[in-house]
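Structural features, examined
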Amino acid sequence: VQLSVVTETLKRKATERDAIQQVINEEFTADKDYLRLIAEMEEKGQTLDANKKRLEEFRAEAKRKLKPYQDEELFMYLVGKKFNAQEYRASAPVRMWDRSVAKKVNFQENIENYTFLLTMPKSMQTVLDERQAVYYALAEKAEKVRKHVEDKHGLTEVLESGEKLA
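What comes next is a walk through the structure. Chains are numbered independently. Their residues run from 1 in the order of the written sequence. In view of the model being predicted, local features appear only for residues whose pLDDT reaches at least 70, and side-chain atom pairs are presented and counted only at 80 or more, with totals across whole chains, interfaces and linings using the full set of residues. No hydrogens and no water enter the side-chain calculation; it runs on all heavy atoms of the structure.

Another aspect to go through is the overall build of the chain. Counting from the N terminus, the helices are DSSP H or I runs at least four residues long and the strands are E runs at least two residues long. Of regular secondary structure, the chain possesses 6 helices and 0 strands. Listed N to C, the secondary structure of the chain is α-α-α-α-α-α in terms of helices and strands. The reference for a compact globule is 2.2 Å times residues^0.38; the radius of gyration itself is calculated from the C-alpha atoms. Radius of gyration (C-alpha) of the chain: 30 Å, far over the 15 Å computed for a compact globule of 166 residues. Three exposure classes are used, based on accessible area relative to the maximum for each residue type with a 1.4 Å probe and protein chains only: buried under 20%, partly exposed in between, and exposed over 50%. Put simply, the chain has 166 residues, and 25% of those count as buried. Whether two residues are in contact is decided by their heavy atoms: any pair within 4.5 Å suffices. For the chain, the share of sequence-separated contacts (at least 6 apart) that also reach a separation of at least 24 residues comes to 78%. Exposure was quantified through the Shrake-Rupley algorithm and a 1.4 Å probe, taking into account, for residues, occlusion by the shown protein chains and nothing else. Total accessible area computed for the chain in this model is approximately 11,900 Å², and 54% of it derives from carbon and sulfur atoms.

Turning our eyes to something else, we now look at the environment of E143. Residue position: E143 is located in helix α5 (residues 107-152). Engagement of the side chain of E143 in a polar contact is seen with the side chain of R146, the distance being 2.2 Å. In the analysis that follows, any N or O atom pair within 3.5 Å is treated as a polar contact, provided that within protein one partner can donate a hydrogen and the other can accept it, and provided that, for residues neighboring in sequence, both atoms belong to side chains.

Before going further, it helps to spend a moment on the pattern of salt bridges. The salt bridge definition used is simple: a Lys or Arg side-chain nitrogen within 4 Å of an Asp or Glu carboxyl oxygen. Counted under the stated rule, the structure contains 13 salt bridges. Between K81 and D98 there is a salt bridge, with the nearest N and O atoms lying 3.3 Å from each other. Within this pair, whereas K81 is found in the loop between α3 (73-80) and α4 (92-104), its partner D98 is found in helix α4, the two being separated by 17 residues in sequence. A residue is classified by how much of its surface remains accessible, and D98, at 0% relative accessible area, is buried.

This brings us to the packing of helix α1 (residues 3-30) against α5. Only the stretch in contact is used when a helix axis is fitted, and all axes are lines through C-alpha atoms; the angle between N-to-C directions ranges over 0 to 180 degrees. Contact geometry for α1 and α5: axes closest at 10 Å, N-to-C directions at 135°. Relative to α5, the element α1 is oriented oblique. As α1 packs across α5, the resulting crossing turns out to be right-handed. Residues I24, E27 and F28 of α1 touch α5, and the partners they reach there are V145, R146, V149, E150 and K152. Throughout this description, any angle smaller than 35 degrees is read as roughly parallel, any larger than 145 degrees as roughly antiparallel, any in the 65 to 115 degree range as roughly perpendicular, and the remainder as oblique. Should the near helix be turned counterclockwise from the far one by less than a right angle, the crossing is left-handed, whereas a clockwise turn marks it as right-handed.

This part takes up the packing of aromatic side chains. For any pair of aromatic rings, the description consists of the separation of the ring centres together with the inter-plane angle of the planes. Ring geometry is summarised as follows: Phe, Tyr and Trp rings, the Trp one being its six-membered ring, pair when their centres sit within 6.5 Å, and such pairs are stacked at plane angles under 30 degrees, edge-to-face over 60 and tilted between the two. Tallied over the entire structure, the rule returns 9 aromatic pairs. Seen in terms of ring centroids, F83 and Y88 are 5.2 Å apart; in terms of plane orientation they differ by 80°. Their pairing is edge-to-face. Comparing F83 with Y88, the two get one shared label, buried.

Another point: the packing of α3 against α5. Following both chains from N to C, one finds α3 and α5 inclined at 75°, their axes separated by 11 Å at the closest point. As summarised for this structure, α3 and α5 are arranged roughly perpendicular, according to the angle between their axes. Between α3 and α5, the contacting residues are F75, M76, L78 and V79 on the first element and F107, N110, I111 and Y114 on the second. Within the contact of α3 with α5, the residues separate by chemical class into 7 nonpolar, 1 polar and no charged. Gly falls in the polar group here, along with every residue not listed as nonpolar (Ala, Val, Leu, Ile, Met, Phe, Trp, Tyr, Cys, Pro) or charged (Asp, Glu, Lys, Arg).

See the structure below:
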């Protein structure tokens, strides 16, 4: 096959592709449901990006703030013993000692902060995962609509035949 014939065929396919793409763009522009879907997907994507950034910032902040707690041996001793938890078991003299230590290290307030710093990133990740699933579902729905419209107008077929020529 001559190069000029292939070149001319490719030009025709490109023109056909452009015409079909114009029709598809006009259809999407007139499709209010599709436009709402895309707008919602973009909004969810922006929220998702902001949530990811905030999660990373919080993880770094939590890591920094956890260090002083983890460096405090008496506090970590009580954490390790599960002091003030249902699982805590100790003899009377040890319980008395542990209560004294707890008072000294302000255990009640510190354990609340420590627990918050440990658990909040996991909670944030769970919410992020849920939001990401919603975003992916919207993106999948938009892709199906896009693919259906492209196939309906023959764009996929034109693109595939053009690729075979090239």
